[in-house]
Each structure stands twice: as structure tokens, then as C-alpha cells.
Amino acid sequence: MPVSIQETAALEPDKVHALVQLLRSRSYEEIRQRMYDNPPGSPWWSACKIELDIRNGEQIAAALSATSHVLEKLRGSTQHFEQLAETLHESTKEVMDMLTGTKEAGRRLEIAVYVTIGITLVQLFNLIFEVFRKR
């Protein structure tokens, strides 16, 4: 009794599923080679294609998960760098204020030195004047 096309099509999903289970433990290279050795649409070709799609999906899922973890770490690092930048800005502003104060204090000290030199010269001239006046 001949097997009809509908009965063969009904048996193929079970056969493909069994072949996929068999391919689970095989390497990528072996699966690709079996896929290329069989014509498209054959049970072996379909099983190989399904197994490669499953593995690719698993790799994509793992990559997305890893990317998500990296993005979370990047967000944390970005926030930390923003805090550091703000702290650096505040510290730089404080140092700038201190330098401005030091510059002003230096200018006042310069004026005080000029005044001291002036007073010393006046006293020196006065001393010389007194010495010459007594002679």
C-alpha cells in the first residue's frame, strides 16, 4: 500500500524534531556540513536549520543580557563621573577663590613693603639731616 503525500508530511515534523534532538550535542561545523550535504526542504536540512536558528537565538539572548549588564554598569559609571566632575568643579572654584585672595593679600603686602621702604628712606634722610645739622 503506497504512502500518501499527506501521511509523509505528517510524519516529517516528528522526524525533524527527532533529528533536532540528535543535533543538540553536535558542533556547529558538523551541523553546517550536514545542512550543506542535504537538499533544502529535506528533514535533515530542516533539522539543521532549526538547530542553527535555536543556537543563534540563544547567542543573541546571551549577548542582549550581557549588553544590558554593561549598560547598567555604564550608567553607574556615568553617574559617578558626573559626581566627580561636579566635585572637581567645586574644588577648582574654591582654589580659584583662594588664589584670588592670595593675589589680593600679595598686593597688600607689596604696598606694605613700599610703605616700609618709604618710611625707612624718610627716616634715613632725617637722620642724615640731623647729623649734618649738628656739624
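Residues numbered from 1 in each chain as written. Predicted model: local features only at pLDDT ≥ 70, side-chain atom pairs only at ≥ 80, totals over all residues. Heavy atoms only, no water.

Digging into the overall build of the protein
Using the following cut-off: A run of H or I in DSSP becomes a helix once it reaches four residues, and a run of E becomes a strand once it reaches two; helices and strands are each numbered from the N terminus. As defined in this context, the radius of gyration uses C-alpha atoms, and a globule is described by 2.2 Å times the residue total to the power 0.38. Any pair of residues with heavy atoms lying within 4.5 Å of one another is described as a contacting pair. The Shrake-Rupley method, run with a 1.4 Å probe, gives the accessible areas here. Residue values count only the displayed protein chains as cover. Neither His nor the chain termini are counted; the positive set is Lys and Arg, and the negative set is Asp and Glu. Charged side chains are reduced to one point each, which is NZ for Lys, CZ for Arg, CG for Asp and CD for Glu.
Tallying secondary structure elements over the protein gives three helices and zero strands in all. Tracing the protein from N to C terminus, the helices and strands come up as α-α-α. Its C-alpha atoms give the protein a radius of gyration of 45 Å, clearly above 14 Å, the size a compact globule of 135 residues would have. By principal-axis analysis of the C-alpha atoms, the protein measures approximately 155 × 25 × 20 Å. Sequence-distant contacts, at least 24 apart, represent 64% of the contacts inside the protein between residues at least 6 apart. A total accessible area of about 11400 Å² is found for the protein, and carbon and sulfur atoms account for 64% of it. Across the protein, the centroid of the 16 positively charged side chains sits 15 Å from that of the 18 negatively charged ones.

Looking at the confidence of the model for the protein
Applied cut-off: The predictor rates its confidence in each residue with pLDDT, a number between 0 and 100.
Residues with a pLDDT of 70 or more make up 92% of the protein, whose mean pLDDT is 88. Within the protein, helix α1 (residues 5-23) has the poorest average pLDDT of any element, 68, and helix α3 (residues 43-134) the best, 94.

Notes on a negative patch on the surface
What counts here: Excluding any residue in a salt bridge, patches collect residues exceeding 30% relative accessible area, merging like charges within 9 Å and nonpolar Val, Leu, Ile, Met, Phe, Trp and Tyr side chains within 5 Å. Here, a salt bridge means any Lys or Arg side-chain nitrogen found within 4 Å of an Asp or Glu carboxyl oxygen.
The grouping of E86, E90, E94 and D97 at the surface amounts to a negative patch. Counting through the fold element by element, E86 comes out in helix α3.

Focus: the packing of aromatic side chains
Just so we agree on the cut-off: Two rings belonging to Phe, Tyr or Trp (six-membered ring only in the last case) form a pair when the distance between their centres is within 6.5 Å. Interplanar angles under 30 degrees mark stacking, angles over 60 mark edge-to-face geometry, and anything in between is tilted. Only Lys NZ and Arg CZ are tested; either one counts as a charge over a ring when it is within 6 Å of the ring centre and within 35 degrees of the ring normal.
In the structure shown here, the tally under the stated rule is zero aromatic pairs. Positioned above the aromatic ring of W44, the side-chain terminus of R34 is 4.5 Å from the ring centre. A cation over an aromatic ring shows up here: R55 above the ring of Y28, its NZ or CZ 5.2 Å from the ring centre.

Thoughts on the environment of R133
Cut-off, in case you're wondering: Working definition: with a 1.4 Å probe on protein chains only, accessible area under 20% of the residue-type maximum means buried, over 50% means exposed, and in between means partly exposed.
When you line up the elements, R133 lands in helix α3. According to the relative accessible area criterion, R133 is exposed, its value standing at 56%. For the pair R133 and I119, spaced 14 residues apart in the sequence, the C-alpha separation amounts to 21 Å.

Topic: the side chain of R55
So the rule is basically this: Polar contacts, as used here, are pairs of N or O atoms within 3.5 Å; protein pairs need one atom able to donate a hydrogen and one able to accept it. Residues neighboring in sequence count only if both atoms are side-chain atoms.
Looking at the element boundaries, R55 is found in helix α3. There is a polar contact of 2.7 Å between the side chain of R55 and the side chain of E51. The contact partners of R55, leaving out residues within four places of it in the chain, are L23, R24, S25, R26, S27, Y28 and I31.

Let's talk about the pattern of salt bridges
Throughout the structure, instances matching the rule amount to nine salt bridges. Between R55 and E51 there is a salt bridge, and its shortest N-O distance comes to 2.7 Å. Residue R55 and its partner E51 are located together in helix α3, separated by four residues, close to a single helical turn. In this structure E51 comes out as buried when scored by relative accessible area, which is 0%. The closest approach of N and O atoms between R133 and E130, which form a salt bridge, is 3.5 Å. Here the residue R133 and the residue E130 both occupy positions in helix α3, the gap between them amounting to three residues, near one helical turn. Look at E130 and you get partly exposed, because its relative accessible area is 26%. One continuous salt-bridge network, built from bridges that share partners, spans R24, E51, R55 and E58.

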